[in-house]
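A look at the structure
Residues per chain, in single letters:
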Amino acid sequence: KKPNKLKARLPRGFVDRSAEDIRATDEMLAKIRAVYERYGFDPVETPAFEYTDCLGKFLPDTDRPNAGVFSVQDEDEQWMSLRYDLTAPLARHVSENINEIQLPYRTYRAGWVFRNEKPGPGRFRQFMQFDADTVGAPGVQADAEMCMMMSDTMEALGIARGQYVIRVNNRKVLDGVLESIGLGGEEHEERRLTVLRAIDKLDKFGIEGVRLLLGDGRKDESGDFTKGAELDPAAIDSIVAFVAGTGTLENEGITELNTMAEIFSACGYGEDRIKIDPSVVRGLEYYTGTVFEAELLFDVTNEKGEIVQFG
């Protein structure tokens, strides 16, 4: 009989890392860590596994929790999952140790995270995150500090001033606009998400593409049709005005953005580094206040040689 030979094969969505990659990553991590330390953040480490219900991904009506997470059942029949980000474990750590933790709690951590999702180009099931978090701060000063620290980190990594920008918005502004056009309340939640998804496509489709997605819908070059939010023209004009930065609504979100803008100016961070941008949406169902992202302003190509937006 022929021996049963196993075929060596790498699991989908995972990669082997070379010495060159490891050394480059270590160099990057050291530069990021130095900036975080300079701002007064302290390291903390949480395990790769958490109880699944603490991650917020547990589905009680399934025999095995696998919606986005890799899970195993402990001998006491409790489900544990590999962490899918570093934020949920931090929330568990703070909650469990709240009596010993002094607020505001300022920490950073780097670590591998795992996603039980379909892999694709540039999208892996295991990748690294490097978080800095402030827990228990009373105002948007902490958010402003994060944006300035992000700017300093980009430059520490060799991305020169003018080659990046930190874009900042506040979800309370968007929520106020949606309420002003009659989309407040839980009964309009799905329609609000459709509007937010449309705004999030500004960089990809431009202002006219967003208008179509806010209206009846948009047909792409291949003929595929995406149904829109079906708003009336006046409501579309209100949203487009705010996305373009010409809206006039006053609310708490606008006040917080103005406070942050004053902090940036006082600390010497001009619009060439940090810019208030009403089009920034970020996670559709996740964020409630300040949202910010870094965007590279030079051409970045993917593995097919295509120019892609990188942020």
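Here the structure is shown first, and the text comes after it.
Presented here is an overview of the structure given in this document.

As a further point, take the sheet that holds strand S2 (residues 49-51). The antiparallel open sheet is built from 3 strands, whose spatial order is S2-S4-S3. Every other strand in the sheet has two partners, leaving S2 and strand S3 (71-73) as the edge strands with one partner each. Strand-to-strand, the axes of this sheet are offset by a mean angle of 30 degrees, without reference to chain direction. In this structure, S2 lies alongside strand S4 (residues 79-82), joined through 3 bridges in antiparallel fashion. For Glu50, the partnering residue across the bridge sits in S4 and is Ser81.

Below, the discussion takes up the pairing of S4. Pairing between S3 and S4: 3 bridges, direction antiparallel. Residue pairing for S4: Val72 is matched across the bridge by Met80.

Another aspect to go through is the pattern of salt bridges. What the rule picks out here adds up to 18 salt bridges. Where Glu96 meets Arg92, a salt bridge forms, and the shortest distance between an N and an O atom there is 3.0 Å. Here the residue Glu96 and the residue Arg92 both occupy positions in helix H3 (residues 87-96), the gap between them amounting to 4 residues, near one helical turn. Given the relative accessible area of 57%, Glu96 is considered exposed. Three or more residues joined by partner-sharing salt bridges are found here, namely Asp152, Glu155, Arg161 and Arg273.

Turning to its location among the elements, Asp131 is positioned in strand S6 (residues 126-135). Although Asp131 is buried, it makes no salt bridge; Arg109 carries the closest opposite charge, 4.0 Å away. What Asp131 contacts, discounting residues up to four positions off in sequence, is Tyr36, Leu86, Thr87, Thr107, Tyr108 and Arg109.

To continue, consider helix H9 (residues 252-266). In a regular helix each residue adds 1.5 Å, so 15 residues correspond to 21 Å; H9 covers 21 Å between its end C-alpha atoms and thus fits that length. Close packing links the buried residues of H9 with helix H4 (141-156), strand S7 (164-170), helix H5 (171-180), strand S10 (274-276) and strand S11 (290-296).

Bringing the nonpolar core into the picture now. Of all hydrophobic cores here, the largest spans 52 residues; its most connected members are Val195, Leu214, Leu231, Ile239 and Phe264. Leave out the neighbours within four places in its chain, and Leu231 touches Ile181, Leu183, Arg191, Val195, Leu214, Gly215, Ile236 and Ile239. With 5 residues, the next largest nonpolar core counts Val44, Leu90, Val94 and Tyr105 among its residues.

With mixed pairing, 3 strands are arranged side by side in an open sheet as S1-S5-S6. Because the sheet does not close on itself, it has two edges, and the strands there are strand S1 (42-43) and S6. The pairing of S1 with strand S5 (residues 105-114) spans 2 bridges and is classified as parallel. Of the residues in S5, the one forming a bridge with Pro43 is Tyr108. Its contacts with the sheet put helix H1 (residues 19-38) on S1, S5 and S6, and the angle it makes with S6 is roughly 5 degrees. Against the sheet, H3 engages S5 and S6, with an angle of about 135 degrees to S5.

This part is about H1. With 20 residues, H1 extends 29 Å from end C-alpha to end C-alpha; this agrees with the ideal 28 Å at 1.5 Å per step. Residues of H1 that are buried: Thr25, Leu29, Ile32, Val35 and Tyr36. Looking down the long axis of H1, one finds its buried residues gathered within 120 degrees of arc, a one-sided arrangement. Turned more than 90 degrees away from the buried face of H1 sit Glu20, Arg23 and Arg38, all of them exposed. On its buried face, H1 sits against S5, S6 and H4. Phi turns positive, to about 90 degrees, at Gly40, one or two residues after H1.

The subject of this paragraph is the packing of H1 against H4. Contact pair H1 / H4: the axes reach a minimum separation of 9 Å and the direction vectors enclose 145 degrees. H4 is crossed by H1, and the crossing has right-handed handedness. Of the residues in H4, those in contact with Lys31, Ile32, Val35, Tyr36 and Arg38 of H1 are Met149, Asp152, Thr153 and Ala156. Taken together, the residues that form the contact of H1 with H4 break down as 5 nonpolar, 1 polar and 3 charged.

Rules used throughout
Residues numbered from 1 in each chain as written. Predicted model: local features only at pLDDT ≥ 70, side-chain atom pairs only at ≥ 80, totals over all residues. Heavy atoms only, no water. Pairing = 2+ DSSP bridges. Helix = DSSP H or I, 4+ residues; strand = E, 2+ residues; numbered from the N terminus. Axes fitted to C-alpha atoms, helices over the stretch in contact; angles between N-to-C directions. Salt bridge = Lys/Arg side-chain N within 4 Å of Asp/Glu carboxyl O. Buried < 20%, exposed > 50% of the residue type's maximum accessible area, 1.4 Å probe, protein only. Lys, Arg positive; Asp, Glu negative; His and termini not counted. Contact = heavy atoms within 4.5 Å. Expected span 1.5 Å × (residues − 1). Core = buried A, V, L, I, M, F, W, Y, C linked by side-chain atoms within 4.5 Å. Arc of directions from axis to C-beta. Left-handed = near helix turned anticlockwise from the far one by under 90°. Nonpolar A, V, L, I, M, F, W, Y, C, P; charged D, E, K, R; others polar.

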